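Analysis of the macromolecular model
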Amino acid sequence: MVKSSEAALGAGAVVGCLLAAPSASSFATGQQGAPPSRLLEQKIRLGPTRGQSHAPSLKQPPQQQRPALLAAAGAGAALAGAAGGRLRPAGAARRGVIAARASAGVLHAPPVAAPLTVSAAGEGCIRLRHASGATCDVSVYAANVLSWRLPDMGEQLFMSSEAVLGQPGTAIRGGVPICWPQFGTFDEAATGAPKLKHGFVRQSNRWQVSEVSEDAVSLRLVPDAEMLKKWPSEFEFIYTVSLGAKSLRLKMEVTNTGPQPLEFTGCLHTYFRCEACTDVAVEGLKGETVDVGIGDFFRGTEVEDREQVTFDGKSEIQLLYGSTADAIVVKDGDRRLRLTKMNMPDWVLWNIGDDNRHTLPDLPLGEQRKYVCVEPGFATVPQRVKPGATWCAMHEVEAL
């Protein structure tokens, strides 16, 4: 378990992150087809000394010392940032880091003994790169997108400086968590819900990489015994993240592998970074049916009458729009993001606000105004999948 800063995840390398992906076939089969020169072993300074900036030193070691993949610094997905971040693991991992600091002031990531395989990748994250210079970091833990950076616009996603990364049972406060198979506390699916707010996949360490290329990665989740106790439904969940020059595309595919119909709700809980949430407006929702304040089911008793939906920063904003149009625009000063969705009927807007910030222990004071959540969802109408069938939904964010 590691805590990492927003700036760290947005700007730099991540421990356990595959910086240059091998071919999909070599990754999936465990063959070390990619030459070691395509991967960097990083030496990450554990905090600055006087007169130094927070930016760590990244060096290439001699060719024979470069590991195929950086090992995690402790159990789970041990992640740390390269610009402004400190590595802050717990327990035995912290003791090892302290020893490294005392001896040399740097942490040397040991080589992975096993060949480059899907399981080895599960210790950290995948970095996607586009020819345009855009990058995207995807944590294998929880299949959570952590960072999306554009060369001329910088970081687009928010990550709390107190976000906990890679601790099973704990959701990551930022990026794009996957809420599934339950939206919030909704419990209207005919096949039942796990009765766990926003489901369990955003807190799971069972995800595995199935395919990876330079600018796309697919992760796969199938239920283990513990998941089946929470929700006795058999499924295969494939989540694909694709990076474009100015876009980020997210695709969900859920196959019902059981003998009975499958029903679920959920959303992609995207945190967009901003300088001030009070400067952000969402266009394209006028005339849509909306719940002001999200409960346990969709009431659908109000209609949005604003051309631009805004955030006041003080009060908590909870808005659920049902059976909506598929395209909206998020405006933040000169920055404009076009959001589209397919086979997801809803949009969700959320910001915790000053008044309720204290209810989120992993969101420090002041950071409640540094994000807005604008999310495609499938909450108002549970999605039903017949045995052997596959449900597919897509979401794209494009910088205009």
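Residues numbered from 1 in each chain as written. Predicted model: local features only at pLDDT ≥ 70, side-chain atom pairs only at ≥ 80, totals over all residues. Heavy atoms only, no water.

As annotated in an unreviewed UniProt entry, the protein chain is glucose-6-phosphate 1-epimerase from Prorocentrum cordatum. What the UniProt record of the protein chain gives under Sequence similarities (unreviewed entry) is the line "Belongs to the glucose-6-phosphate 1-epimerase family." Among the UniProt annotations of the protein chain, the heading Catalytic activity (unreviewed entry) holds the following wording: "alpha-D-glucose 6-phosphate = beta-D-glucose 6-phosphate". (UniProt positions renumbered as here; feature names shortened; annotations may be inferred.)

What follows concerns the overall build of the protein chain. A tally of regular secondary structure across the protein chain gives 6 helices and 27 strands. Relative to its 400 residues, the protein chain shows a buried fraction of 54%. In the protein chain, of all internal contacts separated by at least 6 residues, the share reaching a separation of at least 24 is 69%. (Helix = DSSP H or I, 4+ residues; strand = E, 2+ residues; numbered from the N terminus. Buried < 20%, exposed > 50% of the residue type's maximum accessible area, 1.4 Å probe, protein only. Contact = heavy atoms within 4.5 Å.)

So, on to the state of the cysteines. This structure, assessed with the given rule, holds 0 disulfides. Here Cys267 stays unpaired: no disulfide links it, and the sulfur of Cys179, its closest cysteine neighbor, is 3.8 Å away. Not part of a disulfide, Cys274 finds its nearest cysteine sulfur in Cys277, a span of 5.7 Å. For Cys274, a relative accessible area of 4% gives the class buried. (Disulfide = S-S within 2.5 Å.)

This brings us to the pattern of salt bridges. Enumeration over the complete set of coordinates arrives at 17 salt bridges. For Glu396, the salt bridge identified is with Arg249, shortest N-O distance 3.1 Å. Here Arg249 lies in strand β15 (residues 247–256) and Glu396 lies in strand β27 (residues 390–399), a separation of 147 residues in the sequence. For Arg249, a relative accessible area of 39% gives the class partly exposed. (Salt bridge = Lys/Arg side-chain N within 4 Å of Asp/Glu carboxyl O.)

To continue, consider the pairing of β27. Covered by surrounding structure in β27 are Trp391, Ala393, His395, Val397 and Ala399 only, the residues Thr390, Cys392, Met394, Glu396 and Glu398 on the alternate face being uncovered. Relative to β27, β15 runs antiparallel, the two sharing 9 bridges. Following the sheet pairing, Arg249 is matched in β27 by Glu396. Pairing of strand β24 (residues 335–342) with β27, which is carried by 6 bridges, proceeds in the antiparallel orientation. By the bridge assignment, Met342 is partnered in β27 with Met394. (Pairing = 2+ DSSP bridges.)

This brings us to the pairing of strand β25 (residues 346–351). Within a regular strand, the side chains alternate between the two sheet faces. Among the 6 residues that make up β25, 6 are buried, leaving the element largely enclosed by the rest of the structure. Judged by which residues are buried, β25 turns out to be covered on both faces: Asp346, Val348 and Trp350 on one side and Trp347, Leu349 and Asn351 on the other are all buried. With 5 bridges connecting them, strand β22 (residues 317–322) and β25 associate as antiparallel partners. Within the sheet, the bridge partner assigned to Ile317 lies in β25 and is Asn351.

On to the packing of aromatic side chains. In total, this model carries 16 aromatic pairs according to the counting rule given. Each ring, one from Trp180 and one from Trp231, has its centre 5.4 Å from the other, and the planes form 85 degrees; the classification is edge-to-face. Separated by 51 residues along the polypeptide, Trp180 in the loop between β11 (178–179) and β12 (208–212) and Trp231 in the loop between α5 (225–230) and β14 (235–243) bring together distant segments of the chain. Across this residue pair, the class does not change: Trp180 and Trp231 are buried. (Phe/Tyr/Trp six-rings, centres within 6.5 Å; stacked < 30°, edge-to-face > 60°.)

Any region with low pLDDT has predicted coordinates that should not be read closely. Put simply, the protein chain has an average pLDDT of 77, and 69% of its residues get 70 or more. Scored below 50 in pLDDT, residues 4–16 makes 63 contacts in the model with residues more than four places away or belonging to other chains. Note that pLDDT drops below 50 for residues 20–122; the model gives that stretch 188 contacts with residues more than four away or on any other chain. (pLDDT = per-residue confidence, 0-100.)

So, about the layout of surface pockets. Counted as a void, the largest pocket has a volume near 400 Å³. For the largest pocket, the lining is made up of 20 residues, of which Lys197, His198, Glu316, Gln318 and Trp350 are closest to its centre. For the lining of the largest pocket, the residue count by class is 7 nonpolar, 7 polar and 6 charged. (1 Å grid on protein atoms, 1.4 Å probe; cavity = no way out; pocket = protein on both sides within 12 Å on 5 of 7 lines; lining within 4 Å. Points joined across faces, edges and corners; volume = space filled by probe spheres on them. Nonpolar A, V, L, I, M, F, W, Y, C, P; charged D, E, K, R; others polar.)

Now for the side chain of His269. In this structure, His269 sits in the loop between β16 (262–268) and β17 (271–273). A distance of 2.7 Å separates polar atoms of two side chains, one belonging to His269 and the other to Glu375. Excluding residues within four positions of it along the chain, His269 makes contact with Gly175, Val176, Pro177, Cys179, Trp350, Cys373 and Glu375. (Polar contact = N/O pair within 3.5 Å; in protein donor to acceptor, adjacent residues only side chain to side chain.)

Now for the environment of Gly266. Tracing the backbone through its elements, the reader meets Gly266 in strand β16. Sequence-wise, Gly266 and Gly377 are 111 residues apart; in three dimensions their C-alpha atoms are separated by 5.9 Å. Look past the residues within four positions of Gly266 in its chain and what remains in contact with it is Cys179, Gln182, Phe183, Gly377, Phe378 and Ala379.

Another point: the side chain of Glu375. Mapped onto the elements, Glu375 comes out in strand β26 (residues 371–385). Excluding residues that lie within four positions of it along the chain, Glu375 makes contacts with Cys267, Leu268, His269, Thr270, Asp346, Trp347, Val348 and Trp350.

A few words now on unusual backbone geometry. Residue Pro181 is reached from Trp180 by a cis peptide bond, and omega for that bond is 5 degrees. Its place among the elements puts Pro181 in the loop between β11 and β12. With a phi close to 70 degrees, Ala142 is a non-glycine residue in the positive phi region. Here Ala142 shows up in the loop between β7 (135–139) and β8 (144–150). With a phi close to 65 degrees, His198 is a non-glycine residue in the positive phi region. The residue His198 is located in the loop between β11 and β12 in this model.

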